Amino acid sequence: MTILPVIPTSPDTPDAVKTRRRPTMPPRHFADLDLAGRKAAVTELGLPAFRAKQLSTQYYGRLVRDPEAMTDLPAAARERLAGDLFPPLLTPQREMACDDGATRKTLWRLHDNAMVESVLMGYPDRITACVSSQAGCGMACPFCATGQAGLTRNLSVAEIVDQVVYLAGVAASGAVTGSPPRLSRVVFMGMGEPLANYPRVIEAVRRLTTPAPEGLGLSQRHITVSTVGLVPAMRRLIAEELQVTLALSLHAPDDDLRDELVPVNQRWKVAEVLDAAFEYAARTGRRISIEYAMIRDVNDQPWRADLLGKLLRGKLAHVNLIPLNPTPGSKWDASPKPVEREFVRRLREAGVSTTVRDTRGQEIDGACGQLAASELTAVDAGGSTADAEVAR
């Protein structure tokens, strides 16, 4: 596990620097609880059990996150609920938009000053939220901004769900240009390795897909959970009998290169990871998405396209090629377009469904972890500063 370094403090050190290196899980939040837990919590506060349903309707149905705005509850009850069930979890640190308003990225400061990011992406027929499951990431993939930062901590169920509820509210406001005003898809492709925070991610998925008003009411088929290939957790996911899409961040078809690009491959090799993915597809009937970042002169050679095609031929899998969004100071760069097109041609010639992901957010530090990295750098210097969707 990679941990962020501890920063020595002095009496004049800014408070953010003093505390942000001591990550702690947040207090209990309404979104951490299932319906039975909500009823128990409100009765513990001396409120009738039916208030739990009212709260569910407000939070999941109307996307109201502040109890003070829940005007169908008595004022005294709202005050109690705010303190006990709706502690502040996510504070917007920076919010940026690009692509004519169709892409909106938020950098959140958590209660312990950890940083996470989420992205809202609008299309003519849908809106997708890309959310984080960890603050930072311990997988140490060298081309990834989040991997370079190391792992701070897992997010709670509520910290994950609250990202989605907030973004659903943004969508409902009509702020996403040229898109329907309803969030319809969620991808766990933000900061972190979702299956390394397995219990909380699965619980969050259940909150998001339970019918409203008990949950957000999204379709399981419109939820994507990504992984770099944690095989035991992948096999555990099979037993959940969910209908979510599994996205495997492969990035290389051969063990020699994948050992470097995705260090967890040193534990679970390509063949074992693909076997687990194919088993998930066979058990669920859901097509696997193979995520493959196209990196210039690293993994974009024609023979690697041929090898990938051979591994996937005849399987229930789709390749999602990702033009690399380089991070500042990185030696990694995106493959040239002619190289990318040849890679696509060879995969399709092998009978493998392949698309190239729409490039979004380059003007707003679109790669996951870039905003958080820039914010932490600014704080370290003593100052302050005020993505990916699976192809259909």
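Above this text you will find the structure in question.
Now for a look at the structure at hand. (Residues numbered from 1 in each chain as written. Predicted model: local features only at pLDDT ≥ 70, side-chain atom pairs only at ≥ 80, totals over all residues. Heavy atoms only, no water.)

Attention now goes to the side chain of Asn265. Mapped onto the elements of the fold, Asn265 is located in the loop between helix H9 (255-261) and helix H10 (270-284). Overall, Asn265 belongs to the buried group, its relative accessible area being 0%. Here Asp259 takes part through its side chain, which lies 2.8 Å from a polar atom of the side chain of Asn265. Ignoring anything within four residues of it in the chain, the contact list for Asn265 reads Asp255, Arg258, Asp259 and Val270. (Helix = DSSP H or I, 4+ residues; strand = E, 2+ residues; numbered from the N terminus. Buried < 20%, exposed > 50% of the residue type's maximum accessible area, 1.4 Å probe, protein only. Polar contact = N/O pair within 3.5 Å; in protein donor to acceptor, adjacent residues only side chain to side chain. Contact = heavy atoms within 4.5 Å.)

The next point concerns helix H12 (residues 337-349). Given 3.6 residues to a turn, an α-helix orients residues that are three or four positions apart in the same direction. Taking 1.5 Å of rise per residue, 13 residues should cover 18 Å, and H12 covers 18 Å from first to last C-alpha, within 8% of that figure. Summarising the contacts, the buried residues of H12 are in contact with strand E10 (288-294), helix H11 (302-312), strand E11 (317-323) and strand E12 (353-356). One or two residues past the end of H12 sits Gly351, with phi positive at roughly 85 degrees. (Expected span 1.5 Å × (residues − 1).)

Turning our eyes to something else, we now look at the packing of aromatic side chains. In total, this model carries 8 aromatic pairs according to the counting rule given. Centroid distance Phe143 to Trp332: 6.5 Å. Interplanar angle 75 degrees. Geometry classified as edge-to-face. Linking Phe143 in the loop between strand E5 (134-136) and helix H5 (145-149) with Trp332 in the loop between E11 and H12, this pair joins segments that are 189 residues apart in sequence. In this structure, Phe143 and Trp332 share a single accessibility class: buried. Within the aromatic cluster, the residues linked to one another by ring pairs are Phe30, Tyr59, Tyr60 and Phe86. Sitting above the plane of the Tyr123 ring, Arg126 keeps its charged end 4.1 Å from the centroid. (Phe/Tyr/Trp six-rings, centres within 6.5 Å; stacked < 30°, edge-to-face > 60°. Lys NZ or Arg CZ within 6 Å of the ring centre and 35° of its normal.)

Keep in mind that these numbers describe shape and distance, not what the molecule does.
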